[in-house]
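Fold and geometry: a report
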Amino acid sequence: MATDPSEYDEAIPIVAAHLAKIERAVSRTRSSHAGQAYALVRPALAQALRDEDAQRVVPQVVDEFARRISEDPDNLPF
């Protein structure tokens, strides 16, 4: 099944905006919870994602971000 390349061009700004929301939520959580226990970081990150209206993130990705914020906050992609 072929996809029209113009569909990608239309989707890029939507995807970029969603990723920016995720980045803001992760950055905010890292600022407030860096190095804290995972049990505290995970719900704080979930709330930050909801606050940004970016809650549609694969749970495993949220788990990994929370783990990194908890264990190694300087080792994040942004």
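Residues numbered from 1 in each chain as written. Predicted model: local features only at pLDDT ≥ 70, side-chain atom pairs only at ≥ 80, totals over all residues. Heavy atoms only, no water.

Residues D4, E7, D9 and E10 make up a contiguous surface patch of negative charge. Structurally, E7 is set in helix α1 (residues 5-33). (Patch = residues over 30% accessible without salt bridge, like charges linked within 9 Å, V, L, I, M, F, W, Y side chains within 5 Å. Areas by Shrake-Rupley, 256 points an atom, 1.4 Å probe, with all protein chains shown as cover. Salt bridge = Lys/Arg side-chain N within 4 Å of Asp/Glu carboxyl O. Lys, Arg positive; Asp, Glu negative; His and termini not counted. Charge placed at Lys NZ, Arg CZ, Asp CG, Glu CD. Helix = DSSP H or I, 4+ residues; strand = E, 2+ residues; numbered from the N terminus.)

Moving on: unusual backbone geometry. Its identity as a non-glycine residue notwithstanding, D53 has a phi of 60°, on the positive side. Topologically, D53 is positioned in the loop between α2 (38-51) and α3 (59-71).

So, about the environment of H33. Mapping H33 onto the fold places it in helix α1. On the basis of relative accessible area, H33 is assigned to the buried category, the value being 18%. The spacing of H33 and A44 is 11 residues in sequence and 8.0 Å in space, taken between C-alpha atoms. When neighbours within four sequence positions are excluded, H33 is seen to be in contact with L40, V41, A44 and I69. (Buried < 20%, exposed > 50% of the residue type's maximum accessible area, 1.4 Å probe, protein only. Contact = heavy atoms within 4.5 Å.)

Okay, the nonpolar core next. The biggest cluster of nonpolar side chains holds 13 residues, and the ones touching the most others in it are I22, V26, L45, L49, V57, V62 and F65. Elements supplying a minimum of two residues to this core: α1, α2 and α3. Aside from chain neighbours lying at most four places away, what touches I22 is L49, A54, V57 and F65. (Core = buried A, V, L, I, M, F, W, Y, C linked by side-chain atoms within 4.5 Å.)

In this section: the packing of α1 against α2. At a closest axis distance of 9 Å, the pairing of α1 and α2 adopts a crossing angle of 140°. Two packed elements cross with a definite hand, and for α1 against α2 that hand is right-handed. On α2, the residues that touch I22, A25, V26, R28, T29 and H33 of α1 are L40, V41, A44, L45, A48, L49 and D51. Counted by class, the contact of α1 with α2 contains nine nonpolar, two polar and two charged residues. (Axes fitted to C-alpha atoms, helices over the stretch in contact; angles between N-to-C directions. Left-handed = near helix turned anticlockwise from the far one by under 90°. Nonpolar A, V, L, I, M, F, W, Y, C, P; charged D, E, K, R; others polar.)

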